[in-house]
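Fold and geometry: a report
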Amino acid sequence: MSTPRILATCGGWADTSWGDVAFGPLLHHALDLTGVEGRPRVVFINTAGGDQRIDEGRELAAAMASGVDAVHLRLYGRTVVDFREVLQSADLVWTGGGSVVNLLALWRAHGLDTALRDAWRSGVLLAGTSAGALCWHEGGPTSGFGEVRTIDDGLGFLPGSLGVHYDSQAERRPALRRAVDAGILPGGFGLDEGTAVLYEGDRAVDFVTERAGGRVHRVDAHVPDEPVPTRLL
């Protein structure tokens, strides 16, 4: 059995000149990590964004343009009875951004959290952006309550905390720092826009950025944040 892997990102999609979306460098990196030649199978999960059909259409068009077979797994208007069947057939599960608070509540209510853990343990690559990156950790700052608060009830597939939008949303960085310094959350990482951390099992093994100057920051209690070596895709 392959080592369980998660790619936690603060990016993935790229806007096009005609107002649509395309796979950006981080999403292409996730596809490369699957090691699949030909047409990888991707399951998109947009619970955090409310399973908006307009987003699904744009994402499926982008997948087609990138030579990817893709489906969406919805909880709003759920039609899938057996999540495991869908997830175990995937090479990559990509979870979108939005409200991690709503994501966690709905996943747990429907049992999707357990199905995702089983898929991860069986070798399906889990990945995602923003709320879809934070969810795999023990906790971190979120704006899902209408203001930035820190949650400590993440799925805990990965040990530690995560801060997303670290360089673009000013309240998130000090919120994570306060929680870690107070012992509410364990140390972890802060992701600038366009960066990502790859975990194998419970260990961070690679740090990447899709833009020059993007940084991943190591966050530990009572010491300044420390940028970690981050390579440009």
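As a reminder, the structure under discussion sits directly above these lines.
The structure reproduced in this document is the subject of the present report.

Cut-off values and rules
Residues numbered from 1 in each chain as written. Predicted model: local features only at pLDDT ≥ 70, side-chain atom pairs only at ≥ 80, totals over all residues. Heavy atoms only, no water. Helix = DSSP H or I, 4+ residues; strand = E, 2+ residues; numbered from the N terminus. Rg over C-alpha atoms; globule rule 2.2 N^0.38 Å. Buried < 20%, exposed > 50% of the residue type's maximum accessible area, 1.4 Å probe, protein only. Contact = heavy atoms within 4.5 Å. Phe/Tyr/Trp six-rings, centres within 6.5 Å; stacked < 30°, edge-to-face > 60°. Lys NZ or Arg CZ within 6 Å of the ring centre and 35° of its normal. Expected span 1.5 Å × (residues − 1). Arc of directions from axis to C-beta. Pairing = 2+ DSSP bridges. Right-handed = clockwise from strand over helix to strand, strands pointing away. Core = buried A, V, L, I, M, F, W, Y, C linked by side-chain atoms within 4.5 Å.

Some remarks on the overall build of the chain
- Of the regular secondary structure elements, the chain holds seven helices and 16 strands.
- Taken over the C-alpha trace, the chain has a radius of gyration of 17 Å; the compact-globule value for 233 residues is 17 Å, and the two agree within 12%.
- Taking all 233 residues of the chain together, the buried fraction comes to 51%.
- A sequence separation of at least 24 residues applies to 66% of the contacts in the chain between residues at least 6 apart.

A look at the packing of aromatic side chains
- The tally for this structure, following the rule as stated, stands at eight aromatic pairs.
- Residues W13 and F23 carry aromatic rings whose centres are separated by 5.3 Å and whose planes lie at 85° to one another, so their mutual orientation is edge-to-face. Linking W13 in strand β2 (residues 13-15) with F23 in strand β3 (residues 21-23), this pair joins segments that are 10 residues apart in sequence.
- Given the relative accessible area of 24%, W13 is considered partly exposed.
- When the ring of F189 is compared with that of Y199, the centres are 6.4 Å apart and the planes differ by 65°; the resulting orientation is edge-to-face. Of this pair, F189 sits in strand β11 (residues 188-191) while Y199 sits in strand β12 (residues 195-200); the two residues are 10 residues apart in sequence, bridging distant segments of the chain. With respect to burial, F189 and Y199 carry one shared label: buried.
- Each member of the aromatic cluster is reached from another via a ring pair, and the members are W107, W120, W136 and F157.
- Across from the ring centre of F189, 4.9 Å away, lies the NZ or CZ of R218, which sits over that ring.

Some thoughts on helix α2 (residues 53-65)
- Under the 1.5 Å per step criterion, the end-to-end length of α2 is 18 Å for 13 residues, consistent within 8% with the ideal 18 Å.
- Those residues of α2 that fall on the buried side of the exposure criterion are E56, E59, A62 and A63. Take α2 and look down its axis: the buried residues cluster within an arc of 130°, on one side only. Opposite its buried face, α2 presents the exposed residues I54, M64 and A65, each directed more than 90 degrees away.
- Of the surrounding secondary structure, the elements contacted by the buried residues of α2 are β2, β3, β4 (41-45) and β5 (69-72).

Quick look at helix α5 (residues 112-121)
- Regarding α5, the residues found buried are L112, D113, A115, L116, A119 and W120. The arc that holds the buried residues of α5, viewed along the axis, is 160°, so those residues lie on one side.
- Contact partners of the buried residues in α5: β1 (5-9), β4, α3 (83-88), β6 (92-95), α4 (100-110) and β7 (125-129).
- Trailing α5 by a residue or two, G123 shows a phi angle of about 110°, which is positive.

Section: the pairing of β11
- Across three bridges, strand β10 (residues 161-163) lies against β11 in parallel orientation. When the sheet's bridge partners are listed, S161 is paired in β11 with G188.
- Read from β10 through helix α7 (residues 172-181) to β11, the crossover connection turns out right-handed.
- Two elements, β11 and strand β14 (residues 216-219), share four bridges in a ladder whose sense is antiparallel. For L191, the partnering residue across the bridge sits in β14 and is V216.

Brief notes about the nonpolar core
- In terms of nonpolar packing, the biggest core is built from 41 residues, with I45, L87, V93, W107, L112, L116 and W136 touching the most fellow members.
- Of all the secondary-structure elements, those providing two or more residues to this core are β1, β4, α3, α4, α5, α6 (131-134), β11 and β12.
- It is α5 that provides the largest number of residues to this core, a total of five residues.
- Discounting chain neighbours no more than four positions away, the residues touching W107 are I45, T47, L75, T95, L112, D113, L116, C135, W136 and L155.

Topic: the environment of Q52
- One can find Q52 in the loop between β4 and α2.
- Here the alpha-carbon distance between Q52 and W107, two residues 55 residues apart in the chain, equals 17 Å.

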